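Fold and geometry: a report
Take a look at the letters that make up each chain.
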Amino acid sequence: MATCTGCSLLCEDIEAELSGGKLSKVKNLCRKGHGHFQSAFSERTVPMIDGKKVDLDQAIARAAEILRSAKSPLLFGWSNSTLEAQNVGISLAEKLDATIDDTSSFCQGILMERILSGSIPTCTLDDVRNYADVSIFWGADPSSSHPRHLSRFSYYPRGDKRQKSYEEERTCMVVDVRMSATATLCKDYLFRVPPGGDAEFIEAILSVLEGKIPRLGDKKKMIELGGLLKKAEWGAIFPGLGMIYSLQDNMEVFERLIARLNEITTFKVIPMAGHFNMRGFNELLREKTGYINRVSFEGGAASHGPENSVVAAAKTCDAALVIGSDPLSSLPFGTARALARLPLIAIDPRRSLTTDAAGVVIPAAISGLEAGGTAVRMDGVKIKFEPIIKADLPADEQILSRIMEAI
Amino acid sequence: MMQFLLNTGSTIEEGRLAKGGSKLSVDYTQECAVCEMNPEDYEAMGSPERVLVSTPDGKHRVAVYAYAGPSVCCGHIFMPRAIWANVVVDPETFSTGSPLYKGSPVMVEATEEDVLGAEDLVHKLYGRGR
Ligand code: SF4
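Residues numbered from 1 in each chain as written. Chains lettered and ligands numbered in written order. Predicted model: local features only at pLDDT ≥ 70, side-chain atom pairs only at ≥ 80, totals over all residues. Heavy atoms only, no water.

1. Quick notes on the pairing of strand β5 (residues 73-77) of chain A
Residues and elements named next belong to chain A. Counting buried positions along β5 yields five of five residues, so the element is predominantly enclosed. Neither face of β5 is exposed, since Pro73, Leu75 and Gly77 on one face and Leu74 and Phe76 on the opposite face are all buried. Strand direction decides the pairing type here: β5 and strand β14 (residues 319-323), joined by five bridges, are parallel. Looking at the pairing, leucine 74 lines up with alanine 320 of β14. With four bridges joining them, β5 and strand β6 (residues 99-102) adopt parallel strand pairing. Paired with glycine 77 across the strands is aspartate 102, a residue of β6. Crossover β5 to β6 through helix α3 (residues 83-96) is right-handed. (Buried < 20%, exposed > 50% of the residue type's maximum accessible area, 1.4 Å probe, protein only. Helix = DSSP H or I, 4+ residues; strand = E, 2+ residues; numbered from the N terminus. Pairing = 2+ DSSP bridges. Right-handed = clockwise from strand over helix to strand, strands pointing away.)

2. Side note on the domain arrangement of chain A
Residues and elements named next belong to chain A. Each domain of chain A was delimited in the assignment, giving domain 1 (45-106 + 276-406) and domain 2 (109-269). A straight line from the C-alpha centre of domain 1 to that of domain 2 covers 33 Å. Contact residues are listed per partner, giving 13 residues for domain 1 and 15 residues for domain 2. Where domain 1 abuts domain 2, roughly 1100 Å² becomes buried across the two surfaces, and 62% of that area is made up of carbon and sulfur atoms. Along the contact surface separating domain 1 from domain 2 lie one salt bridge. The shortest N-O distance in the salt bridge between arginine 377 and aspartate 126 comes to 2.8 Å. (Domains from an automatic or database assignment. Contact = heavy atoms within 4.5 Å. Buried area = accessible area lost by both parts, 1.4 Å probe. Salt bridge = Lys/Arg side-chain N within 4 Å of Asp/Glu carboxyl O.)

3. Re the interface of chain B and chain A
Accessible area lost upon the coming together of the parts is a frequently used measure of interface size. Contacts between the two partners involve 44 residues from chain B, matched on the other side by 51 residues from chain A. For the pair chain B and chain A, the two sides together bury roughly 4200 Å², of which 56% comes from carbon and sulfur. Summed over the shared surface of chain B and chain A, the number is one salt bridge. Counting across the chain B and chain A interface gives six residue pairs in polar contact (both at pLDDT 80 or more). Elements with a contribution of two residues or more to the side of chain B that touches chain A: β1 (2-9), α1 (12-19), β5 (76-80), α4 (83-88), β6 (102-110) and α5 (118-126) of chain B. Classifying every residue of the side of chain B that touches chain A by side-chain character gives 19 nonpolar, 16 polar and nine charged. (Polar contact = N/O pair within 3.5 Å; in protein donor to acceptor, adjacent residues only side chain to side chain. Nonpolar A, V, L, I, M, F, W, Y, C, P; charged D, E, K, R; others polar.)

Put into structure tokens, the structure is as follows:
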């Protein structure tokens, strides 16, 4: 059995053979996972300095040189690396007095912080499979982003207490601005909110729960939703980026909703982390510094703040190392351009806009396929995996250790 | 030219291609350099094959394929979360240091401009790339 690192569900039941440049005998992979496995054969990177092929040792030496001479380097990415690699990465940041940040900084971080500090109750996906009768995808579209979420955990499987499952015992709801792929599965329970309207929507739910008529939205639908929430025996809410971007600083109102729901029944929250080990990085950095992301080690001690976010630091740092991430395509134009203009080191198994713009490219083994390690699933469960094929490429962890030694 | 709210998000094909290391392929451009509009808005614009999406100040603009889809409400557009959308996403960082991937105001008009692949787009925007 192999583990898929295509998303933060880290499916451990994958069967696949990768040989002779072909993927065959595949079982249990979703479409996204299939693409991920196939990537072993496409657009692989080679060691490069300023667009010219070099050998690995030269690329590593050049990376070390750039970082050594930088005054305020930024180390960014991390969500697609194993815990072992992240661990070395954090030590490297400490050694360099650098700023370190991961992709959670512009996605799930603001909610993950509350989950890890315990201010919002959470559970495992196995609990969801066994007990949940209501699952709410809020600004999340797992059918597109985490394709096996509904079939492995939240809707279709027969769990300990949910033998009649989706036919009789489970309800799945979607809160979204549009009819997403997931919403088409549970049309009757799609609650549409206008962009940025999630806080008001929550206030409306809170007033329905108090038995009041909501001032906003479709009153009949809101009252129906209030009824469903109250009747739930064991509910789970899965917030995606739609909710996060809408609430932004106002996460407190969601916290209030969850506290209120838990006075009535049980409701747990699992953030829909995207990349396979974002949560792992957040947990590890928190353990070491007290903060889940946006940390600067300047002056030797860890400090935290928005000025250390990749969006801000891209404009103030004087060199950047990007690992397992493609900020040039995933961040807004202004930030991406600022990164592209820096002395940039990219560690990545695959070619991307970021590796194209980087002065130094270091190829890495693909975690899960060519390198083993440990990662943390979106619900906090640690998953250990072995590689399924042998590759000559070094893993992220080894590359980072070698850079560290050379500094 | 009409103003819309831009919503970005994942699609399974985007995920499959991005995870498959095909982000610089023609398939990826076909899948991600697109803008879904409500059928009413789309018709009102003359059912164009391509549209130019720009920031309200007109500073940043990107041409993408347009199509009508019932999943979005009038006044909204949906673009897969990829480099094309990121050209016009509001980089407003709030105190949270987070860009506005959902609900950025954008202008949309029909266009004859060509839709660029990721590499050409980067080349045009940054004046670099290979
Ligand atoms: S759901 Fe995620 S982890 Fe599971 S097979 Fe699909 S991409 Fe891989």
